[in-house]
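A look at the structure
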Amino acid sequence: MTKLFPSLLSADFLNLKGEIKNLEQSGVDGLHFDVMDGQFVPNISIGFPVLEAIRPQTKLPIDVHLMITSPEDYIDEFCQKGADKVSIHIEATPHIHRAIQKIKSHNVEAGVVINPGTSIHTIDAILQYVDFVLVMSVNPGFGGQQFIEDAIDKIAALDKIRQTRKLSFKIEVDGGINAHTASKVINAGADWLVAGSYFFNQADYTNTVKLLKGEA
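Residues numbered from 1 in each chain as written. Predicted model: local features only at pLDDT ≥ 70, side-chain atom pairs only at ≥ 80, totals over all residues. Heavy atoms only, no water.

Notes on the UniProt feature "active site" (unreviewed entry) in the protein
Which entries qualify depends on this criterion: UniProt positions are given in the numbering used here, feature names are shortened, and annotations may be inferred rather than shown by experiment. Only DSSP runs of H or I covering at least 4 residues are called helices, and only runs of E covering at least 2 are called strands; the numbering of each starts at the N terminus. Two residues qualify as a contact provided that any one of their heavy atoms is within 4.5 Å of a heavy atom in the partner residue. Whenever a nitrogen or oxygen atom comes within 3.5 Å of another N or O atom, the pair is scored as a polar contact, on the condition that within protein one atom can donate a hydrogen and the other can accept it, and that pairs from neighbouring residues in sequence are kept only if both atoms are in side chains.
In the UniProt entry, the feature "active site" (unreviewed entry) is given for Asp34 and Asp174. What stands out for the annotated residues spanning 141 residues is how close their C-alpha atoms remain, the widest pair being 10.6 Å apart. By the secondary structure assignment, aspartate 34 is in strand 2 (residues 31-36). Residue contacts for aspartate 34: discarding those within four places in its chain leaves Ser7, Leu9, Ser45, Ile46, His65, Met67 and Asp174. Within the local environment of aspartate 34, its side chain forms a polar contact with the side chain of histidine 32, the two groups lying 3.1 Å apart. Topologically, aspartate 174 is positioned in strand 7 (residues 170-174). Among the polar contacts listed, one links the side chain of aspartate 174 to the side chain of histidine 32, at a separation of 3.4 Å.

Observations regarding unusual backbone geometry
The line we're drawing: Only protein chains enter the accessibility calculation, which uses a 1.4 Å probe; a residue whose area is less than 20% of its type maximum is buried, one above 50% is exposed, and one in between is partly exposed.
In this structure, serine 70 takes a positive phi of about 45 degrees despite not being glycine. Residue class for serine 70 comes out partly exposed when judged on its relative accessible area of 33%. Of note, the phi angle at asparagine 107 is positive, near 60 degrees, even though the residue is not glycine. As for its position among the elements, asparagine 107 is in the loop between helix 4 (96-104) and strand 5 (109-114).

Encoded structure:
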């Protein structure tokens, strides 16, 4: 079953509590929480104080995506402050196995992320240890970008790998997800969708959830 995680980076920050309530009522499956440090990606976003403020306001799973250098230095604190899932980029650390194990030590789901220019072969050795793989279908750092079609092949290849090796990791896709591209990635094998600017620009969240998940 397809799950949808709207990216809070595109939400109305002057009404974040109200946005979360509306999201809960719309039937989303969780909240995507983008953390950027201005070094790994050319933008700076939200961090610990916002996560601490959000956590008591919802029972929805919070999916923390760390787009930062040396992510292992911050894993413990994000897990302790309420993350249910934490994903880190293969490009951001030379110690991916250690970082994944650190996430899992908190009983938090661990994910590995690959950028558009990164081959899925770079994460082959870690696939048996992760709970999910996040395929970036835009270059990370900014919302509202156009979907990169090459992501379709990556999703299909990862789906084939998990079937062949009988692995259970989920495939998450982030970037340029809209009514047109959602069906493409789902058909290729994606399980979880992250939607940002497209989702929050819609007037009816409930209908948008159904549309993106192919239930409309």
